[in-house]
Structures are given as C-alpha cells and as structure tokens.
Amino acid sequence: MERIKIKELLRTEPTGTEVVVKGWVRTFRNNQFAAVNDGSTLDNIQLVLTLDEFDDKITSRINPGAAISARGTVVESQGRGQRIEIKVKEIEVLGESDPEKYPLQPKKHSLEFLRENAHLRFRTNTFGAVFRIRHAASMAVHRFFDEKGFIYLHSPILTASDAEGAGELFRVSTLDAKHPPLTDDNQVDFKKDFFGKEAHLTVSGQLEAELGALALSDVYTFGPTFRAEQSHTTRHLAEFWMIEPEMAFADLTDNMNLAEKMLKYIIQYVMNRCEKDLAFLDARLFNDEKNKPQDQRSSMRLVEKLKFCLENDFERISYTDAIRILQNSKPNKKKKFQYVIEEWGADLQSEHERFLVEKHFKKPVIIYNYPKDIKAFYMRVNEDLKTVAAMDILFPGIGEIIGGAQREERLNVLLSRMEEMKIPEEELPWYLDIRKYGSCPHAGYGLGFERFVQFVTGMSNIRDVIPFPRTPGSIAF
Ligand code: 4AD
Ligand code: MG
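Position numbers for residues start from 1 in each chain and track the written sequence from start to end. Numbering of ligands from 1 and lettering of chains from A proceed in the order in which they are written. Given that the model is predicted, a residue must reach a pLDDT of at least 70 before its local features are reported, and side-chain atom pairs must reach 80 or more before they are shown or counted; all residues, however, enter totals for whole chains, interfaces and linings. Excluded from the side-chain calculation are hydrogens and water; included are all heavy atoms of the structure.

*Asks:* What is the right way to look at the overall build of the chain in this model?
*Replies:* Helices and strands together make up the secondary structure of the chain, namely 14 helices and 16 strands. Counting only residues that meet the buried cut, the chain has 50% of its 477 residues in that class. Contacts are assigned to residue pairs with any non-hydrogen atoms lying within 4.5 Å of each other. Pairs at least 24 residues apart make up 69% of the contacts formed inside the chain by residues separated by at least 6 positions. For the chain, the separation between the mean place of its 66 positive charges and that of its 72 negative charges on side chains is 6 Å. Under the DSSP-based scheme used, a helix requires at least four consecutive residues in state H or I and a strand at least two consecutive residues in state E, with every element numbered from the N terminus. Residue burial is assigned from relative accessible area. The probe radius is 1.4 Å, only protein chains are included, and a residue is buried under 20% of its type maximum, exposed over 50%, and partly exposed in between. His is not counted, nor are the chain ends; Lys and Arg add positive charge and Asp and Glu add negative charge. In this description, the location of a charge corresponds to atom NZ of lysine, CZ of arginine, CG of aspartate or CD of glutamate.

This is the structure we're talking about:
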C-alpha cells in the first residue's frame, strides 16, 4: 500500500479508509498516543494504539525521534486538538532513537543549541516552517521570472574574476599547500595550478549574466555565492544564495520597478502557500518579544508586516536626499550614531539604513544614485559625474536586501572607471567585449536570498534560514 503524506492525510475525511503513514515520532503518551510528523506540514498526525493490542517489545521502541511506519484507519478523533486520527492496526519501527540520548526533547530548545545540532534541527516545528517557506520562496522566484520571460542562466561557481572588485575571494587550488611550485622570484606558480591561473569561488554571477542579457534580453541567475569577509553579524554568511536578474534595454527605473514587483510577488506567493507556517512563526516571534523591553519590540506582527509591505509602495529617494535626512536626524545631531554622518559621500552603515527604514519612513526604501567612490566599477556614471546609477533596497529589520545598478555600457567610460579603481583591463577582456560589439543600456540587481527569507520568517539570525550555515570560523556538517 502506498504511503500518504501527513499534509494530504489531514485533508481527508474520517471515513474509516485504510492508510499507511511514515514519519518521525514527536511524543508517545500512555503507551497509546503517538504524535508523528513527516515534515510535509507543521501538524502531526495522532496514531492511536489500543492498549494491550501491541506488544511491549514494539511500544518500548516508539520513542521521540524514532522513524515509524504505521497502517491503520482514518477515524474521527475522540480527543481534542485534532479532527482525525489513525486507529493503528500495524506499526513498525524503522529506525530506533534512544530516548536517553536523543538531543531533541519535547521542549523548547534555543536556536543556538539547534545550530550545533543542525542535522537534527529540521525536526523542529520552527525549522520545518522556515525551510518549507524557503522552498516556497525559491519556487516563487522561478515562477516570477518564468512568467516574465526571463531565462534562467546557470552562472559558474568557479571563476577567475572578482565580480565586485572587493577582494573577498576564496581561492580554489589543487596545488600542494605545504610545498607549492614556485616561480623564479619565489611566488606561488599558479600557472602550474589546475586551471593554469588563479581561480576562486564566485562572489556574484552578475558579469556572466550581463553577457547573457546582451543576447537573450532578460536572464536571471539563482545560485550560491561566496564571500571571504570577516563579518560576524546576523546578516552575513560566507556562503549565501543570490538571485541576479539582468535586463537588456533597461535603465535604473526599470530595475527598481522589477525589484519591487519581484519582492511583492514572492511575499504574496509565500503568504498563499505557507499560511500555517507563517502563523506559527508569527506567534513564536510575538511570544519571544513579550520578554523584550517595549522599545525593542516590533511595532507590527510578522504577517501584518508582510501585508503592509504588499500594500504600500516602496519609498524611493536619492542618496543625496537620504544624507540630508540623516544629517538632520536626532541620532546624528546627538552623535548617537556610531558613525556620525559628516558630509555627502559618506558610506551608509547599517545603523543609518535602519534609521531610514524603521524610524523615518517606516517602510521599505530604495536609495538610488550613490556617490561613485563608494560603489562598484561596473555601475553607470550619471551626468553629474559624481554619482552612479546604483540602487539599494532596504527592508525593516534587515537593512540592505538588494543591491543593483544600471551598468556602464560605454566602453571608454568603463575603461576609465576601471583604471581609477585599479582593475587591470587584462582581467576582464570578455566583459569589455560586450561593450565593443552591440553594447546597449542594461541593468540588474542581486537579491540576497537568505536576507529575504529572514524577512518573511522573522528569524533574527541569518544562520537560521540556511540549512547548513558557513561563517568565519564555522563549517560544521
Ligand atoms: O550588494 P552586493 O554585493 O551586489 C552584488 O553582488 C551585485 N553583483 C548584484 C547585482 O547587481 N547583480 O550583493 C547583493 C545582495 C546584498 O544586497 C545582500 O542582500 C546580499 O546580496 N549579500 C549577502 N547576504 C548574506 N551574506 C553576505 N555576506 C552577503 N553579501 C551580500
Ligand atoms: Mg551591496
């Protein structure tokens, strides 16, 4: 008999039909009632074992964490808390779990503890909900771009270029780490390395996506990216997933429009698909915040915040206006910011971003036209020659969630920008080629997928929204 997943089972009527369910035991009470979960939904199914019908040899092995397979009939539940339950005819323990040793006890565990048990945290309600939502959000990304006629381009993970020019690269090498071959002047001889030159894990698929867009019109990437930055924050990972659309014949406004539409589409999709999981996380967060002082609690509950985001236009302001607001702000005047904004040209720190989003505008904000000196080499220089056509999208509780730009399509301008920023032409001949042959205005952005999942799940630490987090000093599992 084919197994039925619990999500589907819970939708059926208590008509006495026979079913087979498989899953992991959460609790087993009175040698009679087993709550079983298979990850397809937040809810458990209750298995009822009639007393004396089952041997001790079996019931003593039905412990939290054990994998079981049960055959029985779907009946109306006698108890409260569930509509239906399974009256068990036959039960088999497929994988035992020692109740003395199983790390997940039927109680609330701290997220830190669960991070150390990342292989088991999928078994908890919180992480089940987070990863079902993460899945739904991924599907929404593909649907959105597919509906809009974008082509999914698989950008490479191994590269020889530094797309952001920020030097935060992980080297990939097969050379003997202890005795690498050396050149005449005692440098490591990367000509002898696997690719015949230095290679790295990609920091972004953007440059490759630009090549795709300048032939296929609209493309997007969705893949892992890697940054060797020493950032110990709740918003940084060394390995994270990024979604990078790139559009030909598009400018900065088109770019902002696409980004806002996409974010709203994914949020709506998750709200439609994951109502239960969201309600669970909403309540979880609400209860957690009860222990916090009033001024540290969110003004809105999770689901309310998502709705608010759907129903309101994002605020769009130029960097210059943002600086003016910040300069006139209380925390700046009272020197409450760690980095006080002195003048135009200052880079925005997360404290500034959070002030704009959470205190000033109280909604998502798009900041555009940044000073060229604080942005990447590929961004299009504006007519003022001081700013570039860049945009960042800032979200409440998260800060920067998207970074993007209209690209510099003029070969001569791009070359002089690269020279200014000391990026050798020889490193990117293929990138320059598309400015030589049929160049055109184009734009794109990168969405940090985990930061987005943080926003929709309300999880405060980015390590809790990726299955196996990698951060400085930590690569377990
Ligand atoms: O702003 P970033 O560095 O932009 C780029 O990589 C561009 N090439 C994107 C493009 O235009 N195609 O990164 C984009 C986003 C950030 O806004 C942030 O959400 C996320 O990626 N991000 C990180 N997320 C987690 N951990 C990190 N270390 C991150 N660094 C960036
Ligand atoms: Mg950025």
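Having seen the structure, we can now continue with the description.
*Asks:* Whenever I open this one, the sheet that holds strand E8 (residues 171–172) confuses me. Can you help?
*Replies:* By way of backbone hydrogen bonds, the strands of a sheet pair with one another, either parallel or antiparallel. Strand pairing requires that DSSP identify at least two bridges connecting the strands. Strand order in this open sheet of 3 strands is E7-E9-E8, and the pairing throughout is antiparallel. Bordering the open sheet on either side are strand E7 (158–159) and E8, each of which pairs with just one other strand. Bridging between E8 and strand E9 (residues 199–201) involves 2 bridges; their strand directions are antiparallel. The residue of E9 that forms the bridge with Arg171 is His200.

*Asks:* Help me out: how do you make sense of the side chain of Ser69 in this one?
*Replies:* When you line up the elements, Ser69 lands in strand E4 (residues 67–76). Discounting chain neighbours no more than four positions away, the residues touching Ser69 are Val20, Val21, Lys22, Glu90, Ile91, Glu92 and Leu94.

*Asks:* Help me understand a positive patch on the surface in this model?
*Replies:* Like charges within 9 Å and nonpolar side chains (Val, Leu, Ile, Met, Phe, Trp, Tyr) within 5 Å are joined into patches, using only residues over 30% in relative accessible area that form no salt bridge. Accessible areas in this description were obtained via Shrake-Rupley with a 1.4 Å probe; residue shielding takes into account the shown protein chains only. Take a side-chain nitrogen of Lys or Arg and a carboxyl oxygen of Asp or Glu: if they are within 4 Å of each other, that pair is a salt bridge. A surface patch of positive charge is lined by Lys7, Arg11, Arg143 and Arg273. Secondary-structure assignment places Arg11 in the loop between helix H1 (6–9) and strand E1 (18–29).

*Asks:* Sorry, what's going on with the packing of helix H8 (residues 302–311) against helix H14 (residues 449–457) here?
*Replies:* Packed helices, taken two at a time, are described by the angle between their axes plus the distance between the axes. The convention used is that axes are lines fitted to C-alpha atoms, helices contributing only their stretch in contact, and that angles between N-to-C directions extend from 0 to 180 degrees. Two elements in contact, H8 and H14, have axes whose closest approach is 8 Å; the angle formed by their N-to-C orientations is 120 degrees. Here Leu302, Lys305, Leu306 and Cys309 of H8 lie close against H14, whose contacting residues are Phe455, Val456 and Thr457. Of the residues assigned to the contact of H8 with H14, the class counts are 5 nonpolar, 1 polar and 1 charged. Put simply, Ala, Val, Leu, Ile, Met, Phe, Trp, Tyr, Cys and Pro go in the nonpolar bin, Asp, Glu, Lys and Arg in the charged bin, and everything else, Gly too, in the polar bin.

*Asks:* When you look at the pattern of salt bridges in this model, what are you seeing that I'm missing?
*Replies:* Following the criterion strictly, the structure yields 30 salt bridges and no others. Between Lys372 and Glu420 there is a salt bridge; the shortest N-O distance is 3.8 Å. Of this pair, Lys372 sits in the loop between strand E13 (365–371) and strand E14 (387–395) while Glu420 is found in helix H12 (residues 411–420), placing the two residues 48 residues apart along the sequence. For Glu420, a relative accessible area of 45% puts it in the partly exposed group. The network of salt bridges with shared partners includes Glu18, Arg71, Lys89 and Glu90.

*Asks:* So what exactly am I meant to see when it comes to the layout of surface pockets here?
*Replies:* One water molecule sets the probe size; rolling that probe over the atoms shows where empty space is left. Here a cavity means grid points, on a 1 Å grid over the protein atoms only, where a 1.4 Å probe fits yet cannot get out; a pocket means an open set of points with protein on both sides within 12 Å along at least five of seven lines; lining residues are those with an atom within 4 Å of a point. Grid points are joined across faces, edges and corners, and a volume is the space filled by probe spheres set on the points. The computed volume of the second largest pocket comes to approximately 500 Å³. If you trace the second largest pocket, you find 23 residues lining it, with Lys7, Ser40, Thr41, Arg273 and Lys276 closest to the centre. Only helix H4 (125–147), helix H6 (252–273) and helix H7 (275–290) provide two or more residues apiece to the lining of the second largest pocket. Of the residues that constitute the lining of the second largest pocket, the class distribution is 7 nonpolar, 7 polar and 9 charged.

*Asks:* Sorry if this is basic, but what is going on with the packing of aromatic side chains here?
*Replies:* Given two aromatic rings, their pairing is described by the distance between the two centres and the angle made by the two planes. Whether two aromatic rings pair depends on their centres lying within 6.5 Å, for rings of Phe, Tyr and Trp, where Trp uses its six-membered ring; planes under 30 degrees apart make the pair stacked, over 60 edge-to-face, and the rest tilted. Scanning the entire structure with this criterion turns up 20 aromatic pairs. Ring geometry for Phe145 and Phe150: centres 5.0 Å apart, planes at 55 degrees, overall tilted. In this structure, Phe145 and Phe150 share a single accessibility class: buried. Linked through ring pairs, Phe144, Phe145, Phe150, Tyr152, Tyr220 and Tyr265 together constitute an aromatic cluster. Two thresholds decide whether a charge sits over a ring: the Lys NZ or Arg CZ must be within 6 Å of the ring centre and within 35 degrees of the ring normal. When the ring centre of Tyr370 is taken as reference, the NZ or CZ atom of Lys375 above it lies at 4.2 Å. Over the ring of Tyr431 we find Arg435, and its NZ or CZ is 4.2 Å from the ring centre.

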